[in-house]
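Observations on the model geometry
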Amino acid sequence: MNAETTPEPLDAPEPLDAPQPRPQSLLLAFFGNHVLEQGPLAVYSGSIITVLGRAGVGEQAVRSTLTRMVNRNLLQRRRQGRKMYFGLTPLATQILQDGRRRIWETGAVNDDWDGSWTLLGFSLPESWQRQRHDLRSQLGWSGFGPLYSGLWIAPGRVDVSAVVGELGLSAHVKIFHALADEATDIDLMIRDTWDLASVAARYEDFRARWDTWRAGPGDDAVATRLRLVSEWLGIIRTDPRLPVRHLPAGWPAREAERTFHRVAAETEAPARRTAAALLETTPL
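Just so you know, these numbers come straight off a predicted model, no measurement behind them.

Attention now goes to the pattern of salt bridges. Per the stated rule, a full pass over the model turns up 11 salt bridges. For R100, the salt bridge goes to E37, with nearest N and O atoms at 3.0 Å. Remark: E37 occurs in the loop between α1 (23-34) and β1 (41-44) and R100 occurs in helix α4 (residues 90-106); sequence separation between them is 63 residues. For R258, the salt bridge identified is with E255, shortest N-O distance 2.3 Å.

Encoded structure:
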């Protein structure tokens, strides 16, 4: 798509005390919103700079982030004449598809837990500090919490064998799927293993910022939706999605998710129309 004229950016209303997402998070949200489902497309860098500029990211920050994402195998370059285009790599496509499932299919509230747990035990040499840090980081992203120093636990059946294999630690890790004995106080175990107050605060802050948002005649739907999706995905990816029946009463994830879906629904169609006019693309 190539527009003859490019709409002027509008001033999008900011939710109260809205944090500025990292440029890479906004770029991933951009490709997830406007490229992932459109087929193997590459987007002209000038179009990306225009869209991210509407979300408050400067040209130099966009260009340097695009370069870093190419170096991290998240984006691939395509040159046509004097123009540079960027498209998704298979790795980025997998990441975005996982994020899409988490947002639109899995959801933030775990109502259907079957009572099972995934346990992962590891023992690494003392000198492997980097490997230990990488493993713990990946486990945290996968919903695990430290039951003990070398024993981590996650609700449900979680397949982390690929994550462990990519880190080269398969020989040092043991994975089990199990049920808790009746003598185990699951509520207490959850409180001791995860920082529930921090998880709840992120949902509460999100709802406080976005609950009063309403579409108006001067709204920039593209910028609003990029910030919304980027922020929401950052929250749910740090949420271990613990069984709601073992969480404190009034757990805020459900109301925050309702707010997210309302704003997402109101911005979807206008954001797509604006993006269609702004983006210059070419097949990969």
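Now, onward.
Moving on, we come to the sheet that holds strand β7 (residues 173-179). Strand order across the open sheet formed by 4 strands is β5-β6-β4-β7, with antiparallel pairing between neighbours. If you trace the sheet from one side to the other, it starts and ends with β5 (145-148) and β7, each paired once. Averaged over all neighbouring strand pairs, the angle between strand axes comes to 30°, with direction disregarded. Here strand β4 (residues 116-122) pairs with strand β6 (residues 151-155) via 5 bridges, running antiparallel. Paired with W117 across the bridge in β6 is P155. Across the sheet, helix α7 (residues 186-193) is in contact with β4, β5 and β6; its angle to β5 comes to roughly 115°.

The next point concerns the packing of aromatic side chains. Under the counting rule described, the total for this entry stands at 8 aromatic pairs. For the ring pair Y44 and Y85, a centre distance of 5.8 Å and an interplane angle of 50° mean the geometry is tilted. Of this pair, Y44 sits in strand β1 while Y85 sits in strand β3 (residues 83-88); the two residues are 41 residues apart in sequence, bridging distant segments of the chain. Here Y44 falls in the partly exposed class, since its relative accessible area comes to 23%. Owing to a relative accessible area of 4%, Y85 belongs among the buried residues under this scheme. Arranged with centres 5.1 Å apart and planes meeting at 10°, the rings of W232 and F260 form a pair that is stacked. Here F260 lies in helix α10 (residues 253-278) and W232 lies in helix α9 (residues 221-237), a separation of 28 residues in the sequence. In terms of burial, W232 and F260 fall into one category: buried. Taken together through their ring pairs, the aromatic side chains of W104, Y203, F206, W210, W232 and F260 make up a single cluster.

Topologically, T89 is positioned in the loop between β3 and α4. Judged by its relative accessible area of 4%, T89 is buried. A polar atom in the side chain of T89 sits 2.6 Å from the backbone oxygen of N73. Residues within four places of T89 in sequence aside, it is in contact with N73, L74, L75 and Q76.

Parameters and conventions
- Residues numbered from 1 in each chain as written.
- Predicted model: local features only at pLDDT ≥ 70, side-chain atom pairs only at ≥ 80, totals over all residues.
- Heavy atoms only, no water.
- Salt bridge = Lys/Arg side-chain N within 4 Å of Asp/Glu carboxyl O.
- Helix = DSSP H or I, 4+ residues; strand = E, 2+ residues; numbered from the N terminus.
- Pairing = 2+ DSSP bridges.
- Axes fitted to C-alpha atoms, helices over the stretch in contact; angles between N-to-C directions.
- Contact = heavy atoms within 4.5 Å.
- Phe/Tyr/Trp six-rings, centres within 6.5 Å; stacked < 30°, edge-to-face > 60°.
- Buried < 20%, exposed > 50% of the residue type's maximum accessible area, 1.4 Å probe, protein only.
- Polar contact = N/O pair within 3.5 Å; in protein donor to acceptor, adjacent residues only side chain to side chain.

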